[in-house]
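# Chains, contacts and geometry: an overview
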Amino acid sequence: MNLMPEKLIYELSAPGRIGASLPDNDVPATPVPANLSRDSLKLPEVDELSVIRHFTRLSQKNFSIDSHFYPLGSCTMKYNPKVNEQLAGLRGWRDAHPLIGDEFSQGALELIYRLQESLCAIGGFAASSLQPAAGAHGELSGVFVVRAWHVSRGDAKRTKMLIPDSAHGTNPATCTMAGYTTLPVPSDAEGGVDMAALKAALGGAQREEIAGIMITNPNTLGLFDRNIEEIARLVHEAGGLVYGDGANMNAVTGIFKPGNSGIDVMHFNLHKTFSTPHGGGGPGAGFVGVRKDLADFLPGPIAVKKGSGYALAMPSKSIGRVKSFYGNFGVLVRAFAYVRMLGATGLRRLAENAVLNANYLKVKVEKSYKVKYPRRCMHEFVAMGDIAPGIHTLDIAKRLIDYGFHPPTIYFPLIVPEAIMIEPTETEDKETLDAFAEVLAKIADEARTNPDLLHNAPTTTPVGRLDEVAAARSPVLCFKG
Amino acid sequence: MPFIANSDADRKAMLAAVGVSSIEELFTDIPSAKRFPKLALPEGISELEVTREIEAMAANNLNASSCAWFLGAGAYNHFIPAAVGAISSRGEFLTAYTPYQPEVSQGTLQAIFEYQSMAAELLGMEVVNASHYDGATALAEAVLMAWNHGGSRKKVFLPTALHPEYRDVIRTYFAAFDVQFVEYAGEPSSAAVDETTSCVVCAYPDFEGRVRDLKAGAEKAHAAGALFIVHADPIMCAILKSPGELGADIVTAEGQALGNAMNFGGPWLGMMGATAKLMRKMPGRIVGQAQDHEGRRGFVLTLTAREQHIRREKAVSNICSNQGLVMLQACVYMALMGKNGMRQVAELCWNKAHYAASEIAKLPGFKVPVLDKAAAGAFFKEFVVTTPIPAAAIVDKLSRASVVPGLALSKYDPKRTHELLVCVTEMNTKAQIDLLATSLKEAAK
Amino acid sequence: MKLDSAARYRSSHEFARKEGNLYVVGISDHAQAALGDIVYVELPEVGKTFAQGDAFGVIESVKAASDLYMPMGGKVAAVNEGLGGDPALVNRDCYGEGWLVKIEAASAAEFNGLMDAATYEKEADKE
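Residues numbered from 1 in each chain as written. Chains lettered and ligands numbered in written order. Predicted model: local features only at pLDDT ≥ 70, side-chain atom pairs only at ≥ 80, totals over all residues.

What chain C contains, in helices and strands, is five helices and 10 strands. In terms of overall dimensions, chain C is globule-like: its C-alpha atoms have a radius of gyration of 13 Å, near the 14 Å expected for 127 residues. Expressed as a percentage of the 127 residues in chain C, the buried residues total 43%. Counting contacts in chain C only where the partners sit at least 6 residues apart, residues at least 24 apart contribute 62% of the total. (Helix = DSSP H or I, 4+ residues; strand = E, 2+ residues; numbered from the N terminus. Rg over C-alpha atoms; globule rule 2.2 N^0.38 Å. Buried ≥ 20, exposed ≤ 12 C-beta atoms within 10 Å, placed from the backbone. Contact = placed C-beta atoms within 7 Å.)

A few words on the overall build of chain B. Across its full length, chain B holds 12 helices and 14 strands. The buried share of chain B, taken over its 445 residues, is 62%. Residue pairs in contact within chain B that sit at least 24 positions apart in sequence constitute 71% of those at least 6 positions apart.

Residue and element names in this part refer to chain B. One open sheet holds the seven strands; their spatial order is 2-8-7-6-5-3-4, and the pairing between them is mixed. On the outer flanks of this sheet lie strand 2 (127-128) and strand 4 (180-184), each paired with one strand and no other. Bridge count between strand 2 and strand 8 (residues 270-274): two bridges; the pairing is antiparallel. The residue of strand 8 that forms the bridge with Val128 is Gly273. (Pairing = 2+ DSSP bridges.)

For the pair helix 9 (residues 329-365) of chain A and helix 2 (residues 47-59) of chain B, the least separation of the axes is 10 Å and the interaxial angle reads 135°. By the angle between their axes, helix 9 of chain A is oblique relative to helix 2 of chain B. Crossing handedness for the pair helix 9 of chain A and helix 2 of chain B: right-handed. Each of Ala337, Arg340 and Met341 of chain A in helix 9 of chain A lies in contact with helix 2 of chain B, whose residues at this interface are Glu47, Val50, Glu53 and Ile54 of chain B. When grouped by side-chain class, the residues that make up the contact of helix 9 of chain A with helix 2 of chain B number four nonpolar, no polar and three charged. (Axes fitted to C-alpha atoms, helices over the stretch in contact; angles between N-to-C directions. Parallel < 35°, antiparallel > 145°, perpendicular 65-115°, else oblique. Left-handed = near helix turned anticlockwise from the far one by under 90°. Nonpolar A, V, L, I, M, F, W, Y, C, P; charged D, E, K, R; others polar.)

Turning to unusual backbone geometry, a few remarks are in order. Backbone torsion omega between Gly300 of chain A and Pro301 of chain A reads 5°, so that peptide bond is classified as cis. With respect to the helices, strands and loops of the structure, Pro301 of chain A is situated in the loop between strand 7 (286-290) and strand 8 (302-306). Put simply, Tyr204 of chain B and Pro205 of chain B share a cis peptide bond, and its omega is 5°. In the Ramachandran plot, Phe3 of chain B falls in the positive-phi region, its phi being about 70° despite a non-glycine side chain. Structurally, Phe3 of chain B is set in the segment before helix 1 (8-18). The phi dihedral of Lys381 of chain B is positive, around 70°, even though this residue is not glycine. Relative to the helices and strands, Lys381 of chain B is located in the loop between helix 10 (324-361) and strand 11 (382-386). The exposure class assigned to Lys381 of chain B is buried, which follows from the 24 C-beta atoms found within 10 Å.

Residue and element names in this part refer to chain A. Burial of helix 10 (residues 393-402) is extensive: eight of the 10 residues sit out of reach of the surface. All of the buried residues along helix 10 are Thr393, Asp395, Ile396, Ala397, Lys398, Arg399, Leu400 and Ile401. Those residues of helix 10 that are buried are in contact with strand 11 (409-410), strand 12 (419-422), helix 11 (430-449) and helix 12 (452-455). Gly404 sits one or two residues past helix 10 and shows a positive phi near 85°.

Attention now moves to helix 8 (residues 228-237) of chain A. All names here are of chain A. Within helix 8 the residues assigned to the buried category are Ile228, Ile231, Ala232, Leu234 and Val235. In a view along the axis of helix 8, the buried residues occupy a sector of 165°, so they form one face of it. Those residues of helix 8 that are buried lie in contact with helix 7 (195-201), strand 4 (210-216) and strand 5 (241-246). The positive-phi residue at the C-terminal boundary of helix 8 is Gly239, with phi of around 95°. (Arc of directions from axis to C-beta.)

It is worth spelling out the environment of Tyr355 of chain B at this point. Relative to the helices and strands, Tyr355 of chain B is located in helix 10. Taking the number of C-beta atoms within 10 Å as the measure of exposure, Tyr355 of chain B has 22 and is therefore buried. Once the C-alpha coordinates of Tyr355 of chain B and Phe36 of chain B are considered, the two residues, 319 residues apart in sequence, prove to be 64 Å apart. Dropping the residues within four chain positions of it, Tyr355 of chain B is found in contact with Val27 and Pro28 of chain A together with Ile433 of chain B.

What follows concerns the domain arrangement of chain B. Domain boundaries in chain B define domain 1 (1-36), domain 2 (65-77 + 339-443) and domain 3 (84-331). On a C-alpha basis, the centroid separation for the pair domain 1 of chain B and domain 2 of chain B is 60 Å. (Domains from an automatic or database assignment.)

What follows covers the sheet that holds strand 7 (residues 65-69) of chain C. Residues and elements named next belong to chain C. What the three strands build is an open sheet, ordered 4-6-7; its pairing is antiparallel. Because the sheet does not close on itself, it has two edges, and the strands there are strand 4 (38-42) and strand 7. Within the sheet, the average angular offset between the axes of one strand and its neighbour, ignoring direction, is 20°.

Of all hydrophobic cores here, the largest spans 363 residues; its most connected members are Val145 and Leu332 of chain A together with Leu123, Val143, Ile229 and Val332 of chain B. Tallying contributions element by element places helix 10 of chain B first for this core, with 23 residues. Excluding anything up to four places from it in sequence, Leu332 of chain A contacts Leu111, Ile112, Leu115, Leu130, Ala285 and Gly327 of chain A. (Core = buried A, V, L, I, M, F, W, Y, C linked by C-beta atoms within 7 Å.)

The next subject is the packing of helix 11 (residues 391-399) of chain B against helix 12 (residues 430-443) of chain B. All names here are of chain B. Orientation of helix 11 relative to helix 12, taken along the N-to-C sense of each, is 120°, at an axis distance of 10 Å. Comparing the axis directions of helix 11 and helix 12 gives the class oblique. In this structure, the crossing between helix 11 and helix 12 has a hand that is right-handed. Facing helix 11, whose interface residues are Ile394, Lys397 and Leu398, helix 12 presents Ser439, Leu440 and Ala443. Class assignment for the residues of the contact of helix 11 with helix 12 results in four nonpolar, one polar and one charged.

Moving on, we come to the environment of Ile87 of chain B. Take Ile87 of chain B: it is sitting in helix 3 (residues 82-88). Along the primary structure Ile87 of chain B and Ala191 of chain B are separated by 104 residues, whereas in three dimensions their C-alpha atoms are 45 Å apart. Discounting residues that sit within four places of it in the chain, Ile87 of chain B has contacts with Ile52 and Phe55 of chain A together with Phe93 and Val332 of chain B.

The next point concerns the interface of chain B and chain A. Counting from both sides, the interface comprises 168 residues of chain B and, opposite them, 166 residues of chain A. The dominant element in the side of chain B that touches chain A, judged by the number of residues it contributes, is helix 10 of chain B, at 23 residues. Each residue belonging to the side of chain B that touches chain A can be placed in one class, and the counts come to 87 nonpolar, 49 polar and 32 charged.

Right, let's get into the environment of Arg399 of chain A. All names here are of chain A. If you trace the backbone, Arg399 turns up in helix 10. Given 26 C-beta atoms within a 10 Å radius, Arg399 is considered buried. For the pair formed by Arg399 and Phe329, sequence separation is 70 residues and the distance between their alpha carbons is 39 Å.

Our next topic: the pairing of strand 7 of chain C. Residue and element names in this part refer to chain C. Taken together, the five bridges between strand 6 (residues 55-61) and strand 7 define a ladder with antiparallel strand orientation. The residue bridging Glu60 from the neighbouring strand is Ala65, located in strand 7. Joining the antiparallel neighbours strand 6 and strand 7 is a turn of three residues.

So, on to the pairing of strand 3 (residues 22-27) of chain C. All names here are of chain C. Across the six residues of strand 3, five count as buried, placing the element largely inside the fold. Both strand 2 (residues 14-19) and strand 3 contribute to a ladder of six bridges, which runs antiparallel. The partner of Arg17 across the bridge, within strand 3, is Val24. From the end of strand 2 to the start of strand 3, which pair antiparallel, there are two residues, and Gly20 there has a positive phi angle of about 70°.

Structure below.
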């Protein structure tokens, strides 16, 4: 890891330095009108080598999947295959323009179509769109579809959406953007949806106001809700739709098809289960799949078969475009390649190994940490970090860094105090899991015998714990030279 | 099995440790009738086979590297220096996650801070976020921002010359809300703003490449207590006055032009900036400067209380990602180009587009309204050409000859049959532009 | 938790206290401790009127953001400008220097309807 402080690009600037070369102007020049012309442009002036060194050195301050075990629960930090990068970088894709016309884009349209179909096959859905640019964007699209369906049936009273209290924050935020009010549903002692509370919420005068439920299964605790089919049935009986948040599909590809068990609309995160790289925060891509009678409402355009080829088409009652053009195509290429390489059996092995790795790690971690729900987990599990007086999950996370591991997800889901959510994924080997469990045990020990090691961690990184409070009180959000 | 690390022997040992005899036993929570369904997919293929398959598909796509390319309309063919990809393909950037643990993410965080800084300068805004999905969604969320800020003001003014797909996205985002969209033609100062207006949106340049008077538009909007939102071309901002300088409250832009390939429409880069006053109302991630206990400078995600993981149903937006890698590419591009390079790219686009427009205007039967005395105006990179025969026929004919002349506007408006939107960038040589002119002349015969 | 015996409390942890012909509004010590270091307080404009229970602002820490609800209805007569530069005032002295707004109350009866310090303490302890 590069521990040296790195100047800002502005601080490396010197007047007259040039980093890129462009051809000279080969046409007659037209002057820019003075009243429109910009006076000054304070951008850095840096030569190419300095730019390369700067960003190379910056990259060396990151932990990444390529360099470290990254067991972030719910994020599915699996290996991002290099062949995906190569294939996404082909000139035929990079220099493809979305408005060149269907006839000249058959390669791209074929890829989109086949990926739509493949993901439908995996999820048990009749139709889909790959327009969404991310998981949250897929959620927004899906909830708009739910809304459009109710509106098309003249059912304007349905303004409420049920959301389990273990849900990811994007779920209620999405509802607000779609004009819905959120009704939280508590979880039971086993970590699933509290069925009595669900029935109560679906009862009485409120029944006519429920648009549906947004459910994550496996849920954010890493547990498969055994009542999923009953939950779907109850919501359907009340006139609502079931939205599935597919963030945790890594546990069930080839094992379970959500579309076959009552999920009406669902999004997948291609940058989780389907191996596309996280890129330091994006770009992602969202698939949204639906049951047959919701297909007309999908965001578009989507790829369809036309004659012996493919075309773009807008579903007849589409909720509209959710972004310009056809989705994050460059990301779709990676997911397509991945699904092709895995195939039917590979997808099942993926989930089997993800779940086995998680259960194996859980058995080892349970020796030194309390796991909130001791029953069989799926691809991830939640432990608790309050293992010694004065020690919090944050301290354990920071100490893990000193041992060369990226910390798991912390303080989520909100219903577990001092939560540490661990998801190893199927691309990790047994030795890595053993090493991680050992380090966690060591840290538990340190927490009891030498807690300052945790409180002061990390000490092996370019910066220590940063004062986020001061940063938020007096925000400095750009360089002011 | 590809990408699965453990061997059968490993699995055997692990199953024993877990206390089950088979992997199937791990899935007893799944309803038995629904367990282990058959997937209607072919079996997996090797890396070599998938490479061949996808290369064949990619070859089946007409692309800008093999043509004289004059098609823009929201996706732009610009030069991308090799160093951009060299940096963004580094595994440490490519395979890192969102920087929630700042101590091990200073590379990503500092790059975002640098991007925010350069973008703020370019757009003329005090605060820029770490990006949205694309220009269209950034603009939609900017309008949402104004909408939430405006109390009971229900009117939103949109220019007729806004990219039609952007208009569609805004409408989708507002489907559940009681909004009144009003369209105005021409200058933003012509929008009939009043006390019911939450915001006026202006594109800079607009969909037809025309540069509008932002200052007058901003003044009029502000006088009525409304916000002025500008959607800008980031390359153009290198030589023309920035939207911030001219009075914009919120600026969005499509950052694809900054070092990112067209990629058939995505992934791209939604840029968004705002005044300091609106800072806490901005959706999306923002990075701020911070110090550790030893006084070392570092960078962190900040103002997170606005975001979905804390505010949940009260969050400004549900957005949970930024376009990380795409933003990094834009950052490296701006760093490489720098003050001089950005100006140079913009000037090349300006000069070449003006040259092309004047050459095409000379062709019998062709007109370029933005050069005509009556309808003249300033323009950047794109201009409309009225054609003597339907533009779609011209596009079809010329594309087959590897000269893609632009967008037939009938694509978005069936009534506009004889209009072609031509885009000229630094990628077009004089020879290509001359070829375009002769090709158009030939096609019209 | 620290309490102000002259104040009366709302279940959402805001308090009101009579001061001359105005009422001072703020959040309780229990609330500020739960929020952690306050980084920002969004306050309404002077002159704005709210009913009892209306959301009148937002208080943010690094890890949370809470709406602020009026313990009593009234017109905002003053806002604590000092919080802009030093939001930590709320953490240090929530009943004194860390006040949020001062209002001309619509109804003194609403004050009596709020919980007294002892009752509030019992309620808050249950959380």
